[in-house]
Amino acid sequence: MSKQQFEAELQQKLAELSKDKQPERDLWQGIELALASQETPMQLESRGPRVAGSKLYAMAATFAVFAMFGWMVVNQQSQALVGDSLVAALSEQHQQQKNALLVKFQDQPALTQNWQEQLDELDEAAVAIKSALENEPNNMALLKMLQAVHQQQINLIERVHSAKWSQI
Amino acid sequence: MLAEDATQEVFIQLWRKIGNYKGDSKFSTWLHTVTSNITISYLRKQRGWLQRMFNIEDSVATYKTAEASSAEVDLESYIVRLPERARIVFVLHAIEGYRHEEVAEMTNMAVGSSKAQFHRAKQLMKEWMGYE
């Protein structure tokens, strides 16, 4: 009896499972960087419009399938690029994301006074990690630390400007 | 975060492999298969480093006893808790609808292993959902 109940509940939960899941960060910049570093405009043009159309479909579908694999994976560092190029790509992507957030919140009051000091401290930490990465560009522990510091900065900016907290 | 990284990797690889699509099957079928294969390959590449750093399989296994079972918890949280091989098989078979023969080919395991991992996944879920 309990086996049947379990199977029924499992099927119900499977049916209710959301098929769509949005990424929490903008994935385009990393994709663009990886592609731009390997293909020239001439190469892209030579593929022709039919392939380009398929690519647009693939592009849309790729983000749709993001949800399919969200459960299969656990938190970890990207290896699409390696070494110095990965560090540079991560830093550039982060800087753009950070700048975009700072512009977005520039007219909004911050919740705490010293958030920029905290931001600077995290900047210093990132600089120290990047300095260590110059000697060991493929050290995954350092790369992970760098990404964690970047994420802390993003979280900090969002947290101190969060409307939800401002209302409390 | 790895899901997002894997999504990026999928798109980059698809961009490179798009010329391999010959029109022998529906584009969506080809896309789904290639995406699955790229993701599994990506996971496999990451696994060595991950296990050295965090011993993922062990840490996931501890959830079995550490977490209280509850029928109220949604399926997604159960799936995340599964050990890696069981999780991949469960997602591909139960959610994506691949047959065990296809799962076995995609994950480079025997068909029997795919079935065993699926059974393991269900057993764990059964326990977590309070049926055992």
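Residues numbered from 1 in each chain as written. Chains lettered and ligands numbered in written order. Predicted model: local features only at pLDDT ≥ 70, side-chain atom pairs only at ≥ 80, totals over all residues.

### Points about the confidence of the model for chain B
A low pLDDT score tells you not to read the predicted coordinates there in detail.
All names here are of chain B.
Move 1: Summarising the model, chain B shows a mean pLDDT of 78, and 78% of its residues fall at 70 or more.
Move 2: Per-element mean pLDDT across chain B ranges from 43 in helix H3 (residues 56-66) up to 94 in helix H7 (residues 111-128).
Move 3: Counting contacts from residues 52-72, a segment whose pLDDT is below 50, to residues more than four positions away or on other chains yields 23 contacts.
Move 4: Across the predicted assembly, pTM comes out at 0.50 and ipTM at 0.70. (pLDDT = per-residue confidence, 0-100. Helix = DSSP H or I, 4+ residues; strand = E, 2+ residues; numbered from the N terminus. Contact = placed C-beta atoms within 7 Å.)

### A few points about the packing of helix H7 (residues 115-135) of chain A against helix H8 (residues 140-160) of chain A
All names here are of chain A.
Move 1: Relative orientation of the contacting elements H7 and H8 amounts to 165°, with a least axis distance of 9 Å. Overall, the two elements H7 and H8 adopt an arrangement that is roughly antiparallel. In the packing of H7 onto H8, the handedness of the crossing is left-handed. Between H7 and H8, the contacting residues are Trp-115, Gln-118, Leu-119, Leu-122, Ala-125, Ala-126, Ile-129, Lys-130, Ala-132 and Leu-133 on the first element and Leu-142, Met-145, Leu-146, Val-149, His-150, Gln-152, Gln-153, Leu-156 and Val-160 on the second.
Move 2: Class assignment for the residues of the contact of H7 with H8 results in 14 nonpolar, 4 polar and 1 charged. (Axes fitted to C-alpha atoms, helices over the stretch in contact; angles between N-to-C directions. Parallel < 35°, antiparallel > 145°, perpendicular 65-115°, else oblique. Left-handed = near helix turned anticlockwise from the far one by under 90°. Nonpolar A, V, L, I, M, F, W, Y, C, P; charged D, E, K, R; others polar.)

### Concerning the packing of helix H5 (residues 84-95) of chain B against H7(B)
All names here are of chain B.
Move 1: Look at H5 against H7: their axes get within 8 Å of each other, and the N-to-C directions meet at 95°. Judged on the interaxial angle alone, H7 and H5 are roughly perpendicular. Where H5 approaches H7, its residues Arg-85, Ala-86, Arg-87, Val-89, Phe-90 and His-93 are matched on the opposing element by Ser-114, Gln-117, Phe-118, Arg-120, Ala-121 and Leu-124.
Move 2: Per-class residue counts for the contact of H5 with H7 are 6 nonpolar, 3 polar and 3 charged.

### Digging into the nonpolar core
Move 1: Judged by nonpolar contacts, the single largest core of 19 residues is most densely connected at Val89(B), Phe90(B) and Ala121(B).
Move 2: Listed by contribution, the elements that provide at least two residues to this core are helix H4 (75-81), H5, helix H6 (100-107) and H7 of chain B.
Move 3: When residues of this core are assigned to their parent elements, the largest contribution, 6 residues, is made by H5(B).
Move 4: What Val89(B) contacts, discounting residues up to four positions off in sequence, is Val103(B), Thr107(B), Ser114(B), Gln117(B), Phe118(B) and Ala121(B).
Move 5: Formed by 14 residues, the second largest nonpolar core is a distinct cluster that contains Ala34(A), Leu2(B), Ile38(B) and Tyr42(B). (Core = buried A, V, L, I, M, F, W, Y, C linked by C-beta atoms within 7 Å. Buried ≥ 20, exposed ≤ 12 C-beta atoms within 10 Å, placed from the backbone.)

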